[in-house]
Amino acid sequence: MNFLSSSALRRKKDTRRGVKFTIMVVGQSGIGKSTFVNTLLDTKIVPHKYEPIGTTIDEPKIASFSTIDDSSTINAAVFQRDFNPALADQEPGIAITESEVEILNKGDYSRIFLNVINTPGFGDNIDNEVCFEEIINYLKQQFDIVLAEETKFKRNPKFKDTRVHACLYFITPTGHGLRELDVEIIKKLSKYVNIIPVIGRADSFTKEELADFKRNILYDIEKFNVPVFQFTYDDDEEAIPEEDEMSDEEENILSENKYLQSIQPFAIISSEDEIEIDGKSIKGRQYPWGFIDIHNPEYSDFKLLKNVLLSTHLQDLKDLTHDYLYENYRTEKLRAVNGINDETTPETKKKEFLGSRDSYIPEPPSLSNLNALANIKDSMILEEQNEKDFANILDSAQLNSQPSISSFAQETISSQKSIDSKNRSQLRLLSETVPYALKQEQIQQRKQKLAELEAKSAKEMKLKEEALEKKALELKLREQELLAKMSELGISGNASFASDN
Amino acid sequence: MSDFVGISNLPNQRYKIVSKTGSTFTLMVAGESGLGKTTFINTLFQTSLKSHVDHKARHQKGIRSTVEIDIVRAELEEKDFKIRLNIIDTPGFGDNVNNRRAFQPLIDFIDDQHDSYMKQEQQPTRSEIKDLRVHACLYFIRPTGHSLKPLDIEVMKKLSTRVNLVPIISKADTLSPREINEFKQRIRAVIEAQEIKIYSPPIEIDDEASAEHSKILIESIPFAIIGSETKVQNPEGEMVLGREYPWGIAEVENEQHSDFLKLRSLLLRTNMLDLILSTEELHYETYRALKLDASNGNKDDSRSKLTKRFNNNPQFKEEEDQLKKVFTDQVKAEEGRFRKWEQNIINERQRMNLDLESVQHQIKQLEEQIKDLNIKKGYK
């Protein structure tokens, strides 16, 4: 139970400083992602796909984007204020945007710095493969940035953790179950982020239909092994009587989690419009047949989800991201990088070499690579060449940039400063090479020794040379003396000729 | 006794024949799954023609990744008039990660029906022609409130040249009247800008009432509909088809709530004949003309058809593109590798040159020293 109290302490500390929290919303367009975010925060921070002309809103920062077709003028990253029907057939690609907002809780003056990642364009394309890659790359990059920061010698005190703590996946309200698209994306993303599935536009279901739909989704989640965020509760733990420390609050948490787990996936109805009823303005949707109050727990889990995200499970989500998801990623990454240097059999080494070509430092081309490409079976030769190749890599790295360790670190820092938008991939590359730092150091030392030796020998040589020159001078002086003597004797001509050699 | 011979009775005779033989009507429903296609069909004919897909069955074969064509045949009778209904459903459409080849089965199916009808027509005995030509295709649009998606546009374009296309906004009970209005306007704008030919009922000039009706129908395209198979009690105490929400009852046949009545009128009450005739006269004729033209121009019909199929099938095209991409990528990678290699060699050469220069420089210096020495020597 110490864990809980320590986390409570942390929470207290965090309350004073303010908590940084990042959520991502993913889902097909038109199922209310933007509306949900805007309703959640009670401010319009994410623009809709089409905004009526005249509305002013700060456009969120675009973290990255990719298009299907380079020539396409339509792009999910570009917000279309006015709707252009002539271009509607072009695929928008996908963009990832970040918007930051600060929430001040009036009750205990706690602050939350919320970063909302939106993914406009997801599911809008005919082929949605590109969306997967883009989102996964984004999530990986955030991990890589942290990894790079951790491995640095001198850490940046103002470092901003941009890891995504929770991802709300909006399930399209089909009434059937999960679709191929849903299953695939959740499976892929769950390695990097906690996924909370939610049903968007829950107002398209009657009570029975919603219950059916939820059951189908849960059944699918189980059948297809879709890893989603679990609200943990343990039936056995409660049964221990001598655990007096189990306070009411903790018991509450357990039963609350049990309840939340039973209610998953959250069915959400959201609305930015406020409608006046009985003198009070309530957020809701007005239909000819009735009015929906989005805070009504009878049919909308909006309030519940808001509570889960912004208070009760905020720390859980953060902890899980750091202790589990990031840790796994880190282990995998470092192991993959170290795997290259391991002493393994030539066969596995070759496989690794072929497999991980993309993931390690940009290598200079050499004959051995070509051989590997051509799958030449003589692996012994290959190995030898590989080793040479590795030496080449380091050598050429030396030649090109002379990266001594300090400059290496400096490079990281400087790139850290300019990561804002574009240099992320570069940084990713760097972070991959950071684990090489130690290896690099060794080689560096060896090189320095060599250089010293060289300098020493050069000095010696110089000394010898000087000595020789001195001798030569003496010899010449003697020669001159001899010449002078000879000239006295009268046979000067011959001697001067001989002294030239 | 009789002022007329009886020629004017011909329409009545015709009526008898028609009502005896009945008629055939084929309806296709297309659109992403979960948009209420099955429910709509059952609502339209007020019987459960189609059963809903058993959700549990999915787990046996894994998640479906292909589009299937599902035909339901039924015979309906109303006031002694029989109609043979064929309902064509397309389960699995738009469910996948990559939907680039999702619409090919639909197009192929429509073309195949035209083709088989044409072949049967050319047979010497053709008393029993099986006719599955699609008279109307309902395309279900997801109520996003934004506009049409690229996939929608692509499919509607392809369908509109082959069949009477009727766009429908399904599950319209998730959009408020204002949102529906905006959504409809955007869709209409896209349809116009993208030159998608949707079916519009003909306006007869001499019949004012029906012209007015047609106008109303045209104005409310795309139809926003609600489907329901269950009857519920509305606030007035009547039992109506509708959906019972905690916040109220959305009635299917209420003009304020949905365009269902208009759509039914278009499909069955007023324009069914027009749909059948225009399929016969317009879509079948264009297909036939194209086909005959092609086979006249090219004797080797079957082969050209095959190659045409190959050329038109996006699956092959996609594979081809992929192969091409892989190839160019590899070539690029190799080129890059060579370039780097070259660069390295150049760098090496430069370094060597520098070394050489410095060595030469040293030699020069030494030579100069020797010269100096020599001079000194000479001087002394």
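In this text the structure is predicted, and so the values were computed from the model without any measurement.

**Details of the interface of chain B and chain A**
Part 1 of the argument: Every contact between the two is made by 69 residues of chain B and, on the other side, 77 residues of chain A.
Part 2 of the argument: Taking both partners together, chain B and chain A bury about 6100 Å²; carbon and sulfur atoms supply 58% of that area.
Part 3 of the argument: The interface formed by chain B and chain A contains four salt bridges.
Part 4 of the argument: Two residues, E32 of chain B and R179 of chain A, come together in a salt bridge whose shortest N-O distance is 3.5 Å.
Part 5 of the argument: Applying the counting criterion to the chain B and chain A interface returns 12 residue pairs in polar contact (both at pLDDT 80 or more).
Part 6 of the argument: Of all the secondary-structure elements, those providing two or more residues to the side of chain B that touches chain A are α3 (58–61), α5 (150–160), α6 (177–193), β8 (239–245), β9 (248–251) and α11 (314–379) of chain B.
Part 7 of the argument: The class makeup of the residues in the side of chain B that touches chain A is 22 nonpolar, 23 polar and 24 charged.

**Comments concerning the sheet that holds strand β5 (residues 165–169) of chain B**
Residue and element names in this part refer to chain B.
Part 1 of the argument: If you trace the six strands from one edge of the open sheet to the other, you get β2-β3-β1-β4-β5-β6, paired in mixed fashion. One side of each edge strand has no neighbouring strand; the edge strands of this open sheet are β2 (70–78) and β6 (223–224).
Part 2 of the argument: Alignment of strand β1 (residues 23–30) against strand β4 (residues 136–141), held across four bridges, turns out to be parallel. Bridge pairing in β4 links M28 to C137.

**Focus: the nonpolar core**
Part 1 of the argument: Ranked by size, the top nonpolar core spans 119 residues in total, and within it L189, I196 and L309 of chain A together with L27 and F40 of chain B carry the most contacts.
Part 2 of the argument: Of all the elements, helix α3 (residues 129–151) of chain A adds the most residues to this core, at nine residues.
Part 3 of the argument: When near neighbours in sequence (up to four residues on either side) are disregarded, F40 of chain B contacts L138, F140, I225, F260, L263 and L267 of chain B.

**What about the side chain of N38 of chain A?**
All names here are of chain A.
Part 1 of the argument: By the element assignment, N38 lies in helix α2 (residues 33–41).
Part 2 of the argument: Overall, the relative accessible area of 2% leaves N38 in the buried class.
Part 3 of the argument: What N38 contacts, discounting residues up to four positions off in sequence, is T43, K44, I45, V46, H48, E272 and K283.

**With respect to helix α7 (residues 208–219) of chain B**
Residue and element names in this part refer to chain B.
Part 1 of the argument: Here α7 contains 12 residues, and its C-alpha end-to-end distance of 16 Å stays within 8% of the 16 Å for a straight helix at 1.5 Å per residue.
Part 2 of the argument: For α7, the complete set of buried residues consists of A211, S214 and L217. Each buried residue of α7 lies within a common arc of 120° when the element is viewed along its axis, so the set occupies one face. When the buried face of α7 is taken as reference, the exposed residues oriented beyond 90 degrees from it are E208, A209 and E219.
Part 3 of the argument: The inward-facing, buried residues of α7 contact β6 and α8 (260–269).

**Considerations on the sheet that holds strand β7 (residues 231–233) of chain B**
Residues and elements named next belong to chain B.
Part 1 of the argument: Pairing within the open sheet is antiparallel, and its three strands lie in the order β7-β8-β9. What marks the edges here is a single partner per strand, and that holds for β7 and β9. This sheet shows a mean twist of 65° between the axes of neighbouring strands, independent of strand direction.
Part 2 of the argument: As defined by bridge partners, β8 adjoins β9 across four bridges and the pair is classed as antiparallel. Bridging across to β9, Y245 finds its partner in G248.

**Considerations on the confidence of the model for chain A**
Residue and element names in this part refer to chain A.
Part 1 of the argument: Summing up the model confidence of chain A, the mean pLDDT is 70 and the portion of residues at 70 or higher is 62%.
Part 2 of the argument: Under a pLDDT of 50 for its full length, residues 340–422 has, in the predicted model, 109 contacts with residues more than four places off or in other chains.
Part 3 of the argument: Note on residues 492–501: pLDDT is under 50 here. Beyond four places in sequence and across chains, it has nine contacts.

**Some words on the packing of aromatic side chains**
Part 1 of the argument: If you walk through the whole model with that rule in mind, you get 16 aromatic pairs over all chains.
Part 2 of the argument: Their ring planes at 70° and their centres at 5.6 Å tell us that F143 of chain A and Y326 of chain A sit as a pair that is edge-to-face. Of this pair, F143 of chain A sits in helix α3 while Y326 of chain A sits in helix α9 (residues 314–338), and the two are 183 residues apart along the sequence. One exposure class covers both F143 of chain A and Y326 of chain A, and it is buried.
Part 3 of the argument: Geometrically, the ring pair formed by F40 of chain B and F260 of chain B is edge-to-face, given 6.1 Å between the ring centres and 75° between the ring planes. Note that F40 of chain B is positioned in helix α2 (residues 37–45) and F260 of chain B in helix α8, a separation of 220 residues in sequence.
Part 4 of the argument: Note on F40 of chain B: relative accessible area 0%, which makes it buried.
Part 5 of the argument: Three or more aromatic residues joined by ring pairs form one cluster here, namely F143, Y192, Y326 and Y329 of chain A.
Part 6 of the argument: Sitting above the plane of the Y326 of chain A ring, R163 of chain A keeps its charged end 4.7 Å from the centroid.

Rules and cut-offs
- Residues numbered from 1 in each chain as written.
- Chains lettered and ligands numbered in written order.
- Predicted model: local features only at pLDDT ≥ 70, side-chain atom pairs only at ≥ 80, totals over all residues.
- Heavy atoms only, no water.
- Contact = heavy atoms within 4.5 Å.
- Buried area = accessible area lost by both parts, 1.4 Å probe.
- Salt bridge = Lys/Arg side-chain N within 4 Å of Asp/Glu carboxyl O.
- Polar contact = N/O pair within 3.5 Å; in protein donor to acceptor, adjacent residues only side chain to side chain.
- Helix = DSSP H or I, 4+ residues; strand = E, 2+ residues; numbered from the N terminus.
- Nonpolar A, V, L, I, M, F, W, Y, C, P; charged D, E, K, R; others polar.
- Pairing = 2+ DSSP bridges.
- Core = buried A, V, L, I, M, F, W, Y, C linked by side-chain atoms within 4.5 Å.
- Buried < 20%, exposed > 50% of the residue type's maximum accessible area, 1.4 Å probe, protein only.
- Expected span 1.5 Å × (residues − 1).
- Arc of directions from axis to C-beta.
- Axes fitted to C-alpha atoms, helices over the stretch in contact; angles between N-to-C directions.
- pLDDT = per-residue confidence, 0-100.
- Phe/Tyr/Trp six-rings, centres within 6.5 Å; stacked < 30°, edge-to-face > 60°.
- Lys NZ or Arg CZ within 6 Å of the ring centre and 35° of its normal.

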